[in-house]
Amino acid sequence: MKVHVYDTYATAQNGSTIHFDVLVPAEVPADTAFRFAQQWLSTAGHSNATLEQSRCNFCHAENANPAMLRDIERDGFHILELEGC
């Protein structure tokens, strides 16, 4: 399965940067990837983080690995935690 990767940056309540990628099936629109990013922030304990649509940008497409596929089948998306998560 081809997935689109959205490079995403949020600002935590303490001002630090939360950097993560949102991976979704290629046919999923950008606004849905943004909503998934918001959803993940809430469930990951960052409900007070600030996230703007302009900070959730398409980066590239790639083939999903088994862990990505499992999360996408269960939740509709996969998160790759990068910095400050």
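Before reading further, recall that the structure is shown in the block above.
Residues numbered from 1 in each chain as written. Predicted model: local features only at pLDDT ≥ 70, side-chain atom pairs only at ≥ 80, totals over all residues. Heavy atoms only, no water.

Undergrad: Tell me about the environment of Ala64, residues and numbers included.
TA: Structurally, the position occupied by Ala64 is in the loop between strand E3 (56-63) and helix H2 (66-75). For Ala64, a relative accessible area of 16% corresponds to the buried category. Put simply, Ala64 and Pro29 are 35 residues apart on the chain and 17 Å apart in space, counted from C-alpha to C-alpha. Once residues within four sequence positions are removed from consideration, Ala64 is found in contact with Met1, Val3 and Leu69. (Helix = DSSP H or I, 4+ residues; strand = E, 2+ residues; numbered from the N terminus. Buried < 20%, exposed > 50% of the residue type's maximum accessible area, 1.4 Å probe, protein only. Contact = heavy atoms within 4.5 Å.)

Undergrad: Report on the sheet that holds E3, specifying residues and quantitative values.
TA: Each strand in a sheet pairs with another by means of backbone hydrogen bonds, the pair being arranged parallel or else antiparallel. Strand order across the open sheet formed by four strands is E3-E1-E2-E4, with antiparallel pairing between neighbours. A single partner strand is all that each edge strand has here, and the edge strands are E3 and strand E4 (78-83). Averaged over all neighbouring strand pairs, the angle between strand axes comes to 25°, with direction disregarded. Judged from the five bridges that link them, strand E2 (residues 17-25) and E4 form a sheet pairing that is antiparallel. By the bridge assignment, Val22 is partnered in E4 with Ile79. Lying over the sheet, helix H1 (residues 30-43) contacts strand E1 (2-11), E2, E3 and E4, oriented at roughly 130° with respect to E2. (Pairing = 2+ DSSP bridges. Axes fitted to C-alpha atoms, helices over the stretch in contact; angles between N-to-C directions.)

Undergrad: So what's going on with H1? Residues and values would help.
TA: Over its 14 residues, H1 runs 20 Å from end to end, which matches the ideal 20 Å to within 8%, given 1.5 Å per residue. Taken together, the buried positions of H1 are Thr32, Ala33, Phe34, Phe36, Ala37, Trp40 and Leu41. Next to the buried residues of H1 lie E1, E2, E3, H2 and E4. Immediately downstream of H1, the backbone of Gly45 shows phi near 85°, a positive value. (Expected span 1.5 Å × (residues − 1).)

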